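Given next are the chains, with one letter for each unit.
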Amino acid sequence: MISTTRRRIQLLFLLFSITASFGLITHRGVIAGYNSMHVFPSLSALFWLALPPAIWMTALFLLLPLIAGRLYCSYLCPVGLLQDLAARLGDKLGIKARPVAGFHELRILVLVMSVGFMALWSSTYLYFDHFSNLGRVYGVLDALASGGPFGTSFALGLLFLGTILIVPIFFPRWFCAALCPSGTLFMLLQRWSLFKVRINEDCAECGLCHDACPVRCIHDEGIDMDQCIACLECLRVCPSEAIGYNAGAGRIGRLFAERKPDRPAGAAASRKSFLKTATAAALGAAGAYFVKVRILEAAPSRPNTVVPPGGSSWDQFLQRCVGCHACVNVCPTDVLMPADFENSALGLGKIRMDYDAGYCSYECNACLSVCPSRALSYYPLPVKQRIKMGSSKIDEELCIPYAKGKDCAACHEQCPTGAITMKKHKGVFAPVVNDDYCIGCGACDYACPVTPDKAVRVTPREVHTFAFNPKQHGPKAKIGEQFLREAQDEGFPF
Amino acid sequence: MPITRRRFIKLALSSAAAGLAPAIPSRLWAAEPTPAAYPDLVAVRDGSPVRMFETGIQALGGLSRFVRKGQTVLVKPNIGWDKTPTEGANTNPELVGRIVKAAYEAGAKKVYCFDHGVNKEKACHKRSGIAAAVEANGGEMRSADKKSHYREVKLDGEVLKNVLVHKLYLDSDVVINVPILKSHGGGRVTASIKNLMGVVWDRRFWHRHGLHQAIGEFMQVRKPDLNVLDAYLVMVNNGPRGVSTDDLLLKKMQLLSPDPVLADTAGAKVLDVPPENVKYLGIAQGLKLGTMDLKGSDIKRISLET
């Protein structure tokens, strides 16, 4: 039996997570708060001396396991829910679920490596982090709904979805117990938790709690606190009120609770286990250093696509982006796309700007407001409107007014900053770009009707700068010097 | 326009109704004066967009001249840009709302509104204030961003052979075109005829194969029944999008005419662009879709003094 209350809360949070991820909730603060709940990409911003979009939310969810244990894992996490549902399917099929224990060293290694990546200014932990993976799972849904793109991000999302839907049929919540860096962090914090699940001397050893436990962490010897996700299912089923969830139980209860079933007792064993853990941690740190400094920094990297607004520079964007696709899901014009190999292997699974699919809307800074790792730093809209991501270039051999002598102005129509002006050219008007005002938003590139090669293309900038403000320096109105000057003439001009 | 099944049925039903006409009291018909009594173009100035419309449509014989009881009406404003009403890129929302209201007052069964704009539809509908104004007056906003909203029309044009046209533009009984007057880098002027680019699916095709020719010959599909050209806040520079409010001039005018070519010719004059430079106007006139002859037309000029 599964507690319907817990399942309802889980489903509700999944619903919230989907609505927040797909931009169905439009309140930026709510989306930012949702993203900031997830300590992994959010904490990485701190290493950049930046703050996640809603730091108080991050702090709250770090404090939670210190007070009440892994409530996030058991009651909220959608990745946990999907695994729970898969485990329930296994249960229905009569497959005997086995506990996932004994990965203690692996999860310490993954956690230390992930923190190491954050400290070394690299987002490579994105392959372990449940939030990034969940974002790519939502990306899979998005791609299926809108017919693509089916690239590497899709494959990564599908792979993750497969592992959390199939493996848990046999090993419930294996991802939480073996890999999830957030889960391991919460597990360590839970050791000092004020409230804990404890078994007291009233226990009649009926075994009901063992069967109810979704992670199978209750054994004859007691509760394996490293696996416990504080879901409190055991409390609900216990017929003799022998299990409590409280701040410090009696001496015997503490004895039961603290005993580790899978580790032999004794000082020598404890030293051995400490050494193993320390080795795993050292290996994790070394791994992070090796991957970041020896492999990633040595690899050549050059942007072939435009770095999104707020990304500041190609290198910085690449080091910070965790590929959670929060920005892709809120982008109203679909210009943000999951990246494949367009920007070398380093950009894999991260994002890119696709000016064939859309353009960066001048009136929007949605992606900047939701990015949890600050790969896209937040700027208010008037500042974002000045960020120069690239430069438009017109190919006069393809451009219709130059090449065919016909009026077109599709690009000029779209240009939000007045960087493209129309100049007389052999009886028609032809576009000219003034680079001082061009922000590289791609509105012209997207609108250009010339096929297959567009006549106007945006060249990406490796480091963003700011463009001139058209309101201050831009081409002035021909008539009228003042804001909204009234026409002075009388009568009609016809 | 082609005879569709829906139009055929409507035609058949209305013919049947005409057969019954003698049974209806004759005073219902007596109120209808001869069309020749109305001016070709009504130009109004120095009032709010709503007030200028109310005055102008009165001079044109009232909206009931164009909208009959029980008809479906399409109001087609410019909602192409993710911009606020004060930026002068979209049609004035209060004017659009008033026209929707007037259509219902004239007995319309249902009033629809859409535009296949340039920016994302949802954002445009909201920021332009037009969706709110239309819905407040009982009109219905329709979507135009999916190919399924369109139907192919065969046309014997120089550029346009097959055009995907929005079904509502083809099927509505009455089309009221409510453009905003702006300068345009390609067309020189955008007003009534250019506004109809918002009822087709593939606007890039027009740019690619001859913008003026396509704009000029498109009205062979169907001519709007009434054009209300909003020239209150006029983008005299950097149109059609505009860079800042420096590009705008408060002209406080409105041009109403059943002839879109005539309205646009007058509009070009308001923008200080010689109408003969606007090639699509000449093309439309050549196809007998309207006249550019301002001197030979009956123009009623109304100045609303405060």
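Predicted, not measured: the structure shown is a model, and the values here were computed from it.

Caption draft 1: Looking closely at the overall build of chain B. Secondary structure summary: chain B contains twelve helices and twelve strands in total. Residues classed as buried in chain B amount to 60% of the 306 residues present. Summed over its atoms, the accessible surface of chain B is roughly 12200 Å², and 53% of this surface lies on carbon and sulfur atoms.

Caption draft 2: Structural detail: a negative patch on the surface. Taken together, the side chains of Asp395(A), Glu396(A), Glu397(A) and Asp453(A) make up a negatively charged region of the molecular surface. Among the secondary structure elements, Glu396(A) is positioned in the loop between β7 (387-394) and α20 (400-404).

Caption draft 3: Region of the structure containing the interface of chain A and chain B. Taken residue by residue, the interface counts 50 residues in chain A and 52 residues in chain B. Of all residues in chain A, Glu413(A), Phe492(A) and Phe494(A) give up the largest surface area on contact with chain B, accounting jointly for 20% of the area buried on that side. Inspection of the chain A/chain B interface yields four salt bridges. Notably, a salt bridge pairs Arg188(B) with Asp407(A), separated by 3.2 Å at the nearest N-O pair. Here chain A is connected to chain B by eleven residue pairs in polar contact (both at pLDDT 80 or more). Broken down by secondary-structure element, the contributors of at least two residues to the side of chain A that touches chain B are α20, α21 (410-414), β9 (428-433), α22 (443-447) and α23 (470-473) of chain A. The biggest single contributor to the side of chain A that touches chain B is α21(A), with four residues. Class assignment for the residues of the side of chain A that touches chain B results in 27 nonpolar, nine polar and 14 charged.

Caption draft 4: Region of interest: the pattern of salt bridges. In this structure the tally under the stated criterion is 25 salt bridges over all chains. A salt bridge links Arg352(A) to Asp354(A), with the shortest nitrogen-to-oxygen separation between them at 3.6 Å. A salt bridge links Asp171(B) to Arg151(B), with the shortest nitrogen-to-oxygen separation between them at 2.9 Å. With a gap of 20 residues between them, Asp171(B) in helix α7 (residues 167-171) and Arg151(B) in strand β5 (residues 150-154) connect regions that are remote in the sequence. A relative accessible area of 8% places Asp171(B) in the buried class. Residues joined by salt bridges that share partners form a network here, namely Arg6(A), Arg7(A), Asp84(A), Arg173(A), Glu233(A) and Arg236(A).

Caption draft 5: Molecular detail of empty space enclosed by the protein. All names here are of chain B. In the structure shown here, the tally under the stated rule is 14 cavities of 30 Å³ or more. Approximately 140 Å³ is the volume attributed to the largest cavity. As for the largest cavity, its lining consists of 18 residues, of which Asn78, Trp81, Lys194, Asn195 and Arg203 are closest to the centre. Among the elements of the structure, β8 (180-184) and α8 (192-195) are those that each provide at least two residues to the lining of the largest cavity. Residues belonging to the lining of the largest cavity are distributed by class as follows: four nonpolar, eight polar and six charged.

Caption draft 6: Spatial organisation of the packing of aromatic side chains. Considering all chains together, one arrives at 22 aromatic pairs over all chains under this definition. Between Phe13(A) and Tyr34(A) the ring centres are 6.1 Å apart and the planes differ by 45°, which places this aromatic pair in the tilted class. You can see Phe13(A) sitting in helix α1 (residues 4-21) and its partner Tyr34(A) sitting in helix α2 (residues 28-36), a full 21 residues away along the chain. When sorted by exposure, Phe13(A) lands in the same class as Tyr34(A), which is buried. Above the face of the Trp48(A) ring, Arg320(A) is positioned so that its terminal group lies 4.0 Å from the ring centre. If you follow Arg45(B) out to its NZ or CZ, it ends over the ring of Phe492(A), 5.9 Å from the centre.

Caption draft 7: Seen up close, the nonpolar core. Counting 67 residues, the largest nonpolar core has Tyr34(A), Ile218(A) and Ile223(A) as its most contacted members. By residue number, the principal contributor to this core is helix α7 (residues 104-119) of chain A, which donates five residues. What Ile218(A) contacts, discounting residues up to four positions off in sequence, is Ile199(A), Cys209(A), His210(A), Cys213(A), Ile223(A) and Cys234(A). Of all hydrophobic cores here, the second largest spans 57 residues; its members include Tyr150(B), Val261(B), Ala263(B) and Ala284(B).

Caption draft 8: Structural view of the confidence of the model for chain A. All names here are of chain A. Confidence in the prediction for chain A averages 85 pLDDT; 91% of positions are at 70 or higher. Mean pLDDT per element in chain A: helix α14 (residues 251-258) is the minimum at 46, and β7 is the maximum at 95. Across residues 249-253, where pLDDT falls below 50, the model places five contacts with residues more than four positions away in sequence or in other chains. This model gives residues 473-485 a pLDDT under 50, and the stretch forms 21 contacts once residues within four places in sequence are excluded.

Caption draft 9: Highlighting the packing of helix α3 (residues 39-46) of chain A against helix α4 (residues 55-68) of chain A. Residues and elements named next belong to chain A. The geometry of α3 relative to α4 is characterised by a closest axis approach of 10 Å and an angle of 120° between their N-to-C directions. Accordingly, the angle class assigned to the pair α3 and α4 is oblique. Taken as a pair, α3 and α4 cross one another with a handedness that is left-handed. The segment α3 lies against α4, with Val39, Ser42, Leu43 and Leu46 engaging Ile55, Thr58 and Leu62. Taken together, the residues of the contact of α3 with α4 sort by class into five nonpolar, two polar and no charged.

Caption draft 10: Geometry of α4(A). All names here are of chain A. The first and last C-alpha atoms of α4 sit 20 Å apart over 14 residues, in line with the 20 Å expected at 1.5 Å per residue. Those residues of α4 that fall on the buried side of the exposure criterion are Met57, Thr58, Phe61, Pro65 and Ala68. The inward-facing, buried residues of α4 contact α2, α3, α5 (71-76), α11 (181-190), β1 (195-199) and β4 (243-247).

Caption draft 11: View of unusual backbone geometry. A cis amide bond, omega -10°, links Thr451(A) with the succeeding residue Pro452(A). Locating Pro452(A) in the fold gives a position in the loop between α22 and β10 (456-466). Each neighbour pair has its own omega, and for Gly239(B) with Pro240(B) the value is 5°, a cis peptide bond. Within the secondary structure layout, Pro240(B) lies in the loop between β10 (226-235) and β11 (248-257). A positive phi angle, close to 65°, is found at His325(A), a residue other than glycine. You can see His325(A) is positioned in the loop between α16 (314-320) and α17 (326-330).

Cut-offs used in this document
- Counting of residues starts from 1 at the beginning of each chain's written sequence and follows it residue by residue.
- Labels are handed out in written order, letters beginning with A for the chains and numbers beginning with 1 for the ligands.
- The model is predicted, so local features are restricted to residues of pLDDT at least 70 and side-chain atom pairs to those at 80 or more, both for listing and for counting; the totals for chains, interfaces and linings are taken over all residues.
- To get the side-chain values, take all heavy atoms of the structure and skip hydrogens and water.
- Going along the chain from the N terminus, every DSSP run of H or I of four or more residues is numbered as a helix, and every run of E of two or more is numbered as a strand.
- Residue burial is assigned from relative accessible area. The probe radius is 1.4 Å, only protein chains are included, and a residue is buried under 20% of its type maximum, exposed over 50%, and partly exposed in between.
- Accessible surface is estimated by sampling points in the Shrake-Rupley manner with a 1.4 Å probe; for residues, cover comes only from the protein chains shown.
- Patch rule: a residue counts if its relative accessible area is over 30% and it has no salt bridge; like charges are joined within 9 Å, and nonpolar side chains (Val, Leu, Ile, Met, Phe, Trp, Tyr) within 5 Å.
- For salt bridges, the criterion is a side-chain nitrogen of Lys or Arg within 4 Å of an Asp or Glu carboxyl oxygen.
- Charge convention: Lys and Arg are scored as positive, Asp and Glu as negative, and His as well as the terminal groups of each chain are ignored.
- By convention, the point assigned to a charge is CZ for Arg, NZ for Lys, CD for Glu and CG for Asp.
- Whether two residues are in contact is decided by their heavy atoms: any pair within 4.5 Å suffices.
- Joining two parts hides part of their accessible area as seen by a 1.4 Å probe, and the buried area is that hidden amount summed over both.
- Definition of a polar contact: a pair of N or O atoms within 3.5 Å, with one able to donate and the other able to accept a hydrogen when the atoms are protein atoms, and with sequence-neighbouring residues admitted only if both atoms are side-chain atoms.
- Only Asp, Glu, Lys and Arg are considered charged in this grouping, and only Ala, Val, Leu, Ile, Met, Phe, Trp, Tyr, Cys and Pro are considered nonpolar; every other residue, Gly among them, is considered polar.
- Space inside and on the surface of the protein is sampled on a 1 Å grid over the protein atoms alone, with a cavity defined as a set of points where a 1.4 Å probe fits but cannot get out and a pocket as an open set with protein on both sides within 12 Å along at least 5 of 7 lines; lining residues have an atom within 4 Å of a point.
- Grid points are joined across faces, edges and corners, and a volume is the space filled by probe spheres set on the points.
- Pairs were defined over the aromatic rings of Phe, Tyr and Trp, the Trp ring being its six-membered one, requiring ring centres within 6.5 Å. Orientation was assigned from the angle between planes: stacked under 30 degrees, edge-to-face over 60, tilted for the rest.
- In our convention, an over-ring charge means Lys NZ or Arg CZ found within 6 Å of a ring centre and within 35 degrees of that ring's normal.
- Side-chain atoms within 4.5 Å link the members of a nonpolar core, which is a set of buried Ala, Val, Leu, Ile, Met, Phe, Trp, Tyr and Cys residues.
- The predictor reports its confidence for every residue as pLDDT, a score running from 0 up to 100.
- Axis geometry follows a simple rule: fit a line to the C-alpha atoms, using only the stretch in contact for helices, then measure angles between N-to-C directions, giving values from 0 to 180 degrees.
- For classification purposes, an angle smaller than 35 degrees is called roughly parallel, one larger than 145 roughly antiparallel, one from 65 to 115 roughly perpendicular, and anything else oblique.
- Note on convention: near helix rotated counterclockwise from far helix by under a right angle means a left-handed crossing. Clockwise means right-handed.
- For a helix, the expected span equals 1.5 Å multiplied by the number of residues minus one.

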